[in-house]
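Below are the chains, spelled out letter by letter.
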Amino acid sequence: MVKIVIDGAVQEADLDEFLIDVINRVGAEVPHVCYHPQLGPIQTCDTCMVELNGRLVRACATPVCDGMQVATKSAQATSAQLEAFDRILSNHLLYCTVCDNNNGNCTVHNTTRLLAIEHQKLPFRTKPYEVDNTNPFYRYDPDQCILCGRCVEACQNVEVNETLSINWEDPNPRVLWDGGSTIGESSCVSCGHCVTVCPCNALMETSMLGHAGFLTSIKKSALTGMIEIVKGIEPETGYGTILQVSEAEEAMREHRIHKTKTVCTYCGVGCSFDVWTKDRHILKIAPEHGPANGISTCIKGKFGWGHINSSDRLTTPLIRENGKFRKASWDEALALVAYRFSEIKNQSGPDSIGFISSSKCTNEESFLMQKFARAVIGTNNVDNCSRYCQSPATMGLFRTVGYGGDSGSISDIEQADLVMIIGSNTAESHPVIATRVKSSHKLNGQKLIVSDIREHEMARRADIFLHPKPGTDLVWLNAISRYLLDNNLEHRSFLDQWVHDLEDFRKSLEPFTMESACKITGLSVETLTTVAQMISQAKRMCVLWAMGVTQHVQGSDISTAISNLLLITGNYMRPGTGAYPLRGHNNVQGASDHGSMPNNLAGYQSVADPEVRDRHEAAWKAKLPSTKGLDNHQMVEAIHVGKLKAMYIIGEEMSIVDSNANYVQAAFEKLDFFVVQDIFFSNTCSYADVVLPAAPSLEKEGTFTSTERRIQRLYQVLEPLDGCRPDWRIIQDLANQLGANWKYEHPSEVMDEIASLTPLFAGVNYKRLEGYKSLQWPVAADGTDQPLLYAKAFAFPDGKARLFPVSWTGPVDQPDATYDLHLNNGRLLEHFHEGNLTYRTDGIRQKTPDVFVEVSPELAEERGIQSGTWVQLISRYGQVRVRALVTDRVSGHELYLPMNSVESPVNRLTSSHADPVTNTPAYKENSVQLKVLEHGESPLPRINFRFGRPTPQKGVEVERKWKRPDYTPPGNGLVQLQIKNE
Ligand code: SF4
Ligand code: SF4
Ligand code: SF4
Ligand code: FES
């Protein structure tokens, strides 16, 4: 701590804290237009000038040091602030009363008020550019742009999509997309960072325009007239009176605009934000305080909410009768489900019914689903879709370090010296985590190694990109472990203190010489040696992995090999280190955490443990089954052999997202009774006997647990649509039809029950999760959580980790003469999975209307394929017809088919092969043949970001502004020009 004097008062501050932060903390009220705490100093606006030891400096870029004497309101400082802000007003017309941004948070408006501006000296000048409306989600109005550069900084250095710049040398500077493209045809990924941080109305969400204000929906001609009137009276009245009018209008808005915190419904990053609504209209998503994301979002979280008010939401229960669905009342539908479940249970036993919970639903709903299966029906046949993706990673961690969760937080990934990403298209599947890696790599010297069979964005940014043969990651990982041990590059003291079984592990690595690894993987000895050296030299390494690892027959073993490597290099137990299996769905971590698993109750408490069962039986007043139930893979098998007669699935498009979809759909056709609960009539619903209409995330309360084990509350933004019910209510209604007598009034009561029965969540309650507060499990009874999972010990009785030897068996479903191409698959940035939610957002559908298969330029030439050529892909299990997209993201005979299609789902091609340890399907091990059909239109329109050409630069580059011949620092040139701290 240091002491500084601000306006005569002594203040304490942290060394190197920026002066503006101290000034703000003590409430000294200095204008600052371009500064945003999450962007750091940009230094474009000059409004934060203060006098420091007699000289003018920018408070936003001045780190404090002991003994500073600061005057924020001296004549010199005030004059500089006014001059700087006058320049801003020459770039911005104050028409607040008829502006959709007049919501109390407009920095330009508020600064005009703060500086008590009555008249501006420099007149407003229009710029010679049109408004750009070419992006479906936001628009840019150059005439309102004050050239603060916040958007550029956010795009270049936070999102690191590197689309935006300002042409400082131009006579009329403006923000540029890709150096001068329209927004629509640029590389912009519509993440919304720029719109979120814009301090005025220059960048605005289109969903706000004409909707936020009382007068903003009026015709442009009338609007222009009103603006002219206001301009006309300003010389006489001054801005004070005009602002008073707009502030009265702003106050009226407060009664009809609601701002409610929620957590994103899409991926496992756990972004949280306020949702602004007017009635059921979603005005905008406003991220700022989220512990995982701050100002960050991706296109889905920021703009992908079209499903909420989609006209085809399910709003009434449906019952199949004579092969057709008819509408039914809730009473009738629930009575039928209860009757049929009872009947089937009585005839064939409780284990003839299976339950699939949803990783889109809340923790409380997952808990109630497994409670329903176990305590009401009496079976452990309950699972969730983590079986399709996460279970192998969890197993790898259970084997080695004890808990099945990320070992640190996203901030640890940011801090690491070396990040290794294996089998994860992070920039598209976990976009906000990718921004943290891209930013640390670009700005802070973080090193990046990527292993993938596809050259996606992270691969292109990597210092080393490994492209091993498909399914061989385990081999090079083990070879590197062996190399490190052979060359005494392991972390000896860490191993001695914290890790068991080193010698067995060393022995298991004997087959994994560098030379044999290179033969199997196709990588070179030099490359692998360089990777090993980088790992040994890194002080802090994080490994991120995803479905490219887990969806193999050896998914558990590859995940184990990763954790083994982290252990021998001592990359656990410290900030900036650890294992990060990136969880796919918003609550896939929570669905398993809360017991929707065939072998575990909530908190990974085994159903076989009598003490655990006793505790739950006493609380639930029901006898619980003690043997492991069927997982979702086994349920499909059990239907085929006639053992499973009925199923209840909530929020899961299982007929498409499960591997070998034809086989799964054939199973559903055999069910005696099938209940599907969803918000839309999904493909899976078409096999159901009863369909129950549920409510999406914005229409309910609850909690989600993100990839970093972070439990966060979502608040109800909107009432459930008429006819829909939140999943937790439906499960309770069904339980009560079957005599359970549950009486939950609110999900918080479910969470209290979870905490009382589950040591892992002992201290979790809604009070501790209020607003943007969050907890990272395990949470002790006193509310202490563990952002760093293994801060004191590993999760084994003796506190020590275990090295777990794994050998290599190789992938299945290999290419042969008939099925000669390897088929990879996964997500796209803009669509979530099969697209049931994201296709209902018009802008996303415009930008990415259909699925496509990525074909390498080599294969395209060999087979005469162009972008747009229709091809038939035929595997050993099924076939689909799609259009080709020729791209060098894939190479040779490797194809990539994203999963964003209900009509041509990749899982018609995938097999039933699975990791024997977890039964996770080997989605990534497929071979296909390709038949060339007729030529068609390119599957991607020109307005897709993949056609753009980014313009990377180090932020807003304010030095170029300072070099303009017409630039002089405000305040008689006394300013000390500053540049950012290096
Ligand atoms: S990628 Fe597009 S939406 Fe995201 S910050 Fe850059 S310009 Fe804005
Ligand atoms: S568009 Fe960019 S430069 Fe213009 S005012 Fe908004 S954030 Fe500032
Ligand atoms: S989809 Fe994931 S990265 Fe995108 S906003 Fe939602 S949680 Fe964040
Ligand atoms: S706040 Fe803009 S220069 Fe400091």
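Residues numbered from 1 in each chain as written. Chains lettered and ligands numbered in written order. Predicted model: local features only at pLDDT ≥ 70, side-chain atom pairs only at ≥ 80, totals over all residues. Heavy atoms only, no water.

Draft legend 1. Spatial organisation of the site of ligand 3. Close to ligand 3 lie C264, Y266, C267, V269, G270, C271, T297, C298, K300, G301, P431 and V432, which account for all nearby residues. Mapped by element, the contributors of at least two residues to the shell around ligand 3 are α8 (299–303) and α14 (431–443). By residue class, the composition of the shell around ligand 3 is eight nonpolar, three polar and one charged. (Near = heavy atom within 4 Å. Helix = DSSP H or I, 4+ residues; strand = E, 2+ residues; numbered from the N terminus. Nonpolar A, V, L, I, M, F, W, Y, C, P; charged D, E, K, R; others polar.)

Draft legend 2. Quick look at the nonpolar core. Formed by 152 residues in total, the largest nonpolar core has its most connected members in F341, F372, Y572, Y648 and F794. Here this core takes nine residues from helix α16 (residues 473–486), the largest share from any one element. Excluding residues within four positions of it along the chain, F372 makes contact with F341, F355, I377, Y648, I731, L734, A735, L738 and W742. In this structure, C34, I146, L164 and I242 belong to the second largest nonpolar core, which totals 56 residues. (Core = buried A, V, L, I, M, F, W, Y, C linked by side-chain atoms within 4.5 Å. Buried < 20%, exposed > 50% of the residue type's maximum accessible area, 1.4 Å probe, protein only. Contact = heavy atoms within 4.5 Å.)

Draft legend 3. Up close: the sheet that holds strand β25 (residues 646–650). Ordered in space as β14-β13-β27-β26-β25-β15-β16, the seven strands form an open sheet in which the pairing is mixed. Either end of the sheet is taken by a strand with one partner, and the two such strands are β14 (324–327) and β16 (382–383). Sheet topology places β25 next to strand β26 (residues 673–678); five bridges connect them, and they run parallel. In the strand pairing of β26, A646 is matched with F673. (Pairing = 2+ DSSP bridges.)

Draft legend 4. Structural context of the pattern of salt bridges. A full pass over the atoms with the stated rule returns 51 salt bridges. With its nearest N and O atoms 2.9 Å apart, the salt bridge here joins E457 to R461. Here E457 pairs with R461, and both are found in helix α15 (residues 457–461), just four residues apart, close to one helical turn. Given a relative accessible area of 27%, E457 falls into the partly exposed group. Classification of R461 as partly exposed rests on a relative accessible area of 21%. One network of salt bridges, with partners in common, ties together E159, E162, K438, K442, E457 and R461. (Salt bridge = Lys/Arg side-chain N within 4 Å of Asp/Glu carboxyl O.)

Draft legend 5. A look at α16. For α16, spanning 14 residues, the distance from its first C-alpha to its last is 20 Å, which sits close to the expected 20 Å at 1.5 Å a residue. Burial of α16 is extensive: 12 of the 14 residues sit out of reach of the surface. For α16, every residue scored as buried is listed here: D473, L474, V475, W476, L477, N478, A479, I480, S481, Y483, L484 and L485. Looking at the residues trailing α16, positive phi occurs at N488, about 55°. (Expected span 1.5 Å × (residues − 1).)

Draft legend 6. Main features of the sheet that holds strand β2 (residues 9–13). Ordered by their spatial adjacency, five strands build an open sheet running β2-β1-β5-β3-β4, and the pairing between neighbours is mixed. In this open sheet, the two strands that pair with only one neighbour each are β2 and β4 (55–58). Averaged over all adjacent pairs, the angle separating strand axes in this sheet is 40°, with direction ignored. The pairing of strand β3 (residues 49–52) with strand β5 (residues 69–71) spans two bridges and is antiparallel. (Axes fitted to C-alpha atoms, helices over the stretch in contact; angles between N-to-C directions.)

Draft legend 7. View of the site of ligand 1. Near ligand 1, the surroundings consist of Y138, C155, N161, L164, W177, C188, V189, S190, C191, G192, H193 and C194. Residues that form the shell around ligand 1 fall into these classes: eight nonpolar, four polar and no charged.

Draft legend 8. Seen up close, the environment of A781. Looking at the element boundaries, A781 is found in the loop between β30 (774–776) and β31 (801–802). Given the relative accessible area of 58%, A781 is considered exposed. For the pair formed by A781 and L443, sequence separation is 338 residues and the distance between their alpha carbons is 40 Å. Setting aside its immediate chain neighbours within four residues, A781 contacts A762, G763 and R768.

Draft legend 9. Expanded view of the packing of helix α3 (residues 107–114) against helix α7 (residues 239–253). The interhelical angle for the contact between α3 and α7, taken along N-to-C directions, is 135°, at an axis separation of 11 Å. Taken together, the axes of α3 and α7 are oblique relative to one another. In this structure, α3 crosses over α7, and the sense of that crossing is left-handed. Counted together, H109, T112 and R113 of α3 and Y239, G240, L243, Q244, S246 and E247 of α7 form the full contact between these two elements. For the contact of α3 with α7, the per-class residue count stands at two nonpolar, five polar and two charged. (Parallel < 35°, antiparallel > 145°, perpendicular 65-115°, else oblique. Left-handed = near helix turned anticlockwise from the far one by under 90°.)

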